[in-house]
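# Summary of structural features
Read off the chains here:
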Amino acid sequence: MNINYNLSHSDFLAYQLYTSSKSKLHNKKRLRSRVIIPIFYILLALFNFYKKGTYTLGIGFIIIIIIAIIWFVFYPTYSKWRYKKLFNKHIKEHYKNRINKPIEISFNEDGVLNTKDFISESKISGTELKAFIETTEHVFIKLASDLSLVIPKHAIENLSELKKHIVGLGAEYVDELNWK
């Protein structure tokens with residue numbers, strides 16, 4: 001089985017966003033930002049309200065509470081936008097020489113995965129394949145070293161055969177078809 005394809009900017013972006021969404025560190029950071037900033041606003045409002053206790057500060061207290069609630073509700077949307085912007089910059093800077101370059105993946109009967117791109121060739125033992133991750137538009141083959149091969153689905157002629165082959169080598173199948 002041979003797979004020939006080129007990776008576009010959007011393919012690299014999809015991989016970066018997927019790995020970020022599954023990263024415990026990134027998820028903790030997003031949760032902290034979503035919770036800590038509204039708590040800070042509420043504490044600030046309470047401090048000012050109890051320190052001065054006037055009617056005008058009561059209105060300010062309500063406004064700060066509303067801002068805290070708005071932050072908490074809309075932070076996930078802001079976070080998605082911000083991470084996408086950061087990853088776009090990262091891809092433009094670090095992957096600019098790899099975009100739209102030909103990549104070839106082939107399999108030996110021995111269970112060895114051969115990859116070839118414009119710079120290098122690699123042989124990957126089938127035992128080093130950790131996971132076969134399937135999203136709606138991509139397949140990510142995660143290696144034991146936590147590196148991944150990114151394959152757009154449109155480049156795969158027979159997805160079920162590829163899945164069967166990779167899982168047959170001991171990789172775990174991960175269904176992420178609902179991931180956005």
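Residues numbered from 1 in each chain as written. Predicted model: local features only at pLDDT ≥ 70, side-chain atom pairs only at ≥ 80, totals over all residues. Heavy atoms only, no water.

## A few points about the pairing of strand β2 (residues 102–107)
Note on strand geometry: in a regular strand, side chains alternate between the two faces of the sheet. The criterion, for reference: Two strands qualify as a pair provided that DSSP identifies no fewer than 2 bridges between them. A run of DSSP states H or I qualifies as a helix once it reaches four residues; a run of E qualifies as a strand once it reaches two. Both are numbered from the N-terminal end.
Alignment of strand β1 (residues 2–6) against β2, held across 5 bridges, turns out to be antiparallel. For Asn4, the partnering residue across the bridge sits in β2 and is Glu104. Here β2 pairs with strand β3 (residues 112–116) via 4 bridges, running antiparallel. Across the sheet, residue Phe107 finds its bridge partner in β3, namely Leu113.

## Let's talk about the pattern of salt bridges
Quick reminder of the rule: Just to be clear on terms, a salt bridge is a Lys or Arg side-chain nitrogen sitting within 4 Å of an Asp or Glu carboxyl oxygen. Only protein chains enter the calculation, and the probe is 1.4 Å; a residue is then buried if its accessible area is under 20% of its type maximum, exposed if over 50%, and partly exposed in between.
Scanning the entire structure with this criterion turns up 5 salt bridges. Of the charged contacts in the structure, one is a salt bridge between Lys153 and Glu134, with a shortest N-O distance of 2.8 Å. With Lys153 in the loop between β7 (148–152) and α4 (159–168) and Glu134 in strand β5 (residues 129–134), this pair connects stretches of sequence that are 19 residues apart. Lys153 sits in the buried class, given a relative accessible area of 19%. For Asp146, the salt bridge identified is with Lys142, shortest N-O distance 3.8 Å. For Lys142, a relative accessible area of 27% gives the class partly exposed.

## What to know about the packing of aromatic side chains
The geometry of an aromatic ring pair comes down to the distance between the two centres and the angle between the two planes. For clarity, the cut-off: Only rings of Phe, Tyr and Trp enter the pairing, Trp through its six-membered ring, and a pair is recorded when the two centres are within 6.5 Å. The plane angle decides the type: under 30 degrees is stacked, over 60 is edge-to-face, the rest tilted.
Under the counting rule described, the total for this entry stands at 11 aromatic pairs. Residues Tyr15 and Phe140 carry aromatic rings whose centres are separated by 5.3 Å and whose planes lie at 65 degrees to one another, so their mutual orientation is edge-to-face. With a gap of 125 residues between them, Tyr15 in helix α1 (residues 9–22) and Phe140 in strand β6 (residues 138–143) connect regions that are remote in the sequence. Each member of the pair, Tyr15 together with Phe140, is buried. Taking the centre distance of 5.1 Å and the plane angle of 35 degrees together, the rings of Trp71 and Tyr75 count as tilted. Of this pair, Trp71 and Tyr75 are both found in helix α3 (residues 55–94), 4 residues apart, which corresponds to roughly one turn of the helix. For Trp71, a relative accessible area of 26% corresponds to the partly exposed category. On the accessibility criterion, Tyr75 (9% relative accessible area) is buried. Members of the aromatic cluster, each reached through a chain of ring pairs, are Tyr15, Tyr18, Phe140 and Trp179.

## So, the sheet that holds β3
Which entries qualify depends on this criterion: Simply put, an axis is a line fit to the C-alpha atoms, just over the touching stretch for a helix, and the angle between two N-to-C directions goes from 0 to 180 degrees.
One open sheet holds the 4 strands; their spatial order is β1-β2-β3-β4, and the pairing between them is antiparallel. Strands at the two margins of the open sheet, each flanked by one partner only, are β1 and β4 (121–125). Going across the sheet, the axis of each strand differs from the next one's by a mean of 15 degrees, ignoring polarity.

## Quick look at the environment of Asn6
Defined as follows: Between two residues, a contact is recorded if the distance between any of their heavy atoms is within 4.5 Å.
Summarising the element assignment, Asn6 is placed in strand β1. Here Asn6 falls in the partly exposed class, since its relative accessible area comes to 37%. Separated by 54 residues in sequence, Asn6 and Gly60 place their C-alpha atoms 55 Å apart. In this structure, Asn6 is in contact with Asp11, Asn100, Lys101, Pro102, Ile103 and Pro152, ignoring residues within four places of it in sequence.

## Some details on unusual backbone geometry
In this structure, Asn100 is a non-glycine residue whose phi angle is positive, near 60 degrees. A relative accessible area of 51% places Asn100 in the exposed class. If you check the backbone angles, Asp146 has positive phi at about 70 degrees while not being a glycine. When you line up the elements, Asp146 lands in the loop between β6 and β7.

## Observations concerning empty space enclosed by the protein
Here is the rule we go by: A pocket, in this scheme, is an open set of points on a 1 Å grid over the protein atoms alone with protein on both sides within 12 Å along at least 5 of 7 lines, while a cavity is a set where a 1.4 Å probe fits but cannot get out; residues line either one if an atom lies within 4 Å of a point. Grid points are joined across faces, edges and corners, and a volume is the space filled by probe spheres set on the points. Residue polarity follows a fixed list, in which Ala, Val, Leu, Ile, Met, Phe, Trp, Tyr, Cys and Pro are nonpolar, Asp, Glu, Lys and Arg are charged, and the others, Gly among them, are polar.
Considering all chains together, one arrives at 1 cavity of 30 Å³ or more under this definition. Put simply, the largest cavity is a space of about 40 Å³. Here the lining of the largest cavity is built from residues that sort into 5 nonpolar, no polar and 3 charged.

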